[in-house]
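Observations on the model geometry
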Amino acid sequence: MKSMHFTREEKELAVTWAEDSSWAEQENYNADLVYMDCVKDILEHPIFQSMENYMQHGDTTCKHHCIKVSYMSYSICRRLGWDYKEVARAGLLHDLFLYDWHTHARETGEHFHGFTHPRTALNNAVKYFELTENEKDMILRHMWPLTPIPPRTRGGLVIVYSDKFCGLVETVARFKRWFLFSVGWKSTA
Ligand SMILES: [Fe+2]
Ligand SMILES: [Fe+2]
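Computed from a prediction, not measured in an experiment: that's the story for all the values here. (Residues numbered from 1 in each chain as written. Chains lettered and ligands numbered in written order. Predicted model: local features only at pLDDT ≥ 70, side-chain atom pairs only at ≥ 80, totals over all residues.)

As for helix 9 (residues 133–140)
- Along helix 9, the residues that are buried comprise Glu 135, Asp 137, Met 138, Ile 139 and Leu 140.
- Residues of helix 9 that are buried make contact with helix 6 (85–93), helix 8 (113–128) and helix 10 (154–182). (Buried ≥ 20, exposed ≤ 12 C-beta atoms within 10 Å, placed from the backbone. Helix = DSSP H or I, 4+ residues; strand = E, 2+ residues; numbered from the N terminus. Contact = placed C-beta atoms within 7 Å.)

Thoughts on the nonpolar core
- In terms of nonpolar packing, the biggest core is built from 37 residues, with Tyr 74, Val 87, Leu 93 and Ile 139 touching the most fellow members.
- Of all the elements in the fold, those that place two or more residues in this core are helix 3 (33–43), helix 5 (62–80), helix 6, helix 8, helix 9 and helix 10.
- Looking at this core element by element, the count peaks at 9 residues for helix 5.
- Apart from residues no more than four positions distant in its own chain, Ile 139 is found in contact with Ala 90, Leu 93, His 94, Pro 118, Ala 121, Leu 122 and Ala 125. (Core = buried A, V, L, I, M, F, W, Y, C linked by C-beta atoms within 7 Å.)

Regarding the packing of helix 8 against helix 9
- Packing of helix 8 against helix 9 leaves a shortest axis separation of 8 Å and a crossing angle of 145 degrees. Residue-level contacts link Pro 118, Arg 119, Ala 121, Leu 122 and Ala 125 of helix 8 to Lys 136, Ile 139 and Leu 140 of helix 9.
- Of the residues contributing to the contact of helix 8 with helix 9, the split by class is 6 nonpolar, no polar and 2 charged. (Axes fitted to C-alpha atoms, helices over the stretch in contact; angles between N-to-C directions. Nonpolar A, V, L, I, M, F, W, Y, C, P; charged D, E, K, R; others polar.)

So this is what it looks like as structure tokens:
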């Protein structure tokens, strides 16, 4: 079995990569042909592209957040010799809820986005894409342990981890930029 150990340098590299969305914005993932072979149809689909219109964490859009979660999950699974196609695809679709969650509660009176958006994302995803049962489960269970039932596959757990990792790093990075701007050490927030 391949190593599950990640060196300190690899972890630092992962934080640097996740806190800056330019890798996703510049579509650098195009260079990874194995990854593209798994996900090209989703990436090119207008419904996926429409996630560009919604912010997720900090100043990262839902689209770029999903690409990062997908690519990180794919990279981890590929390194471990696990199936990586399903995590790559489910990662792209895990937050396909298609609204701005920052204003959603005010506009609709629905206050439980954290609990309900996996089901909304899955309902949207099955309308536009053919999904395996594992992919459906990965999308539906990605908020575990906030939602009580864990994913049924190890790939699903990798998505849970990548989503929390990217979400936290994206949020902290935004705060860091705001702080450096506030104290005058950086010209833009
Ligand atoms: Fe989510
Ligand atoms: Fe997410």
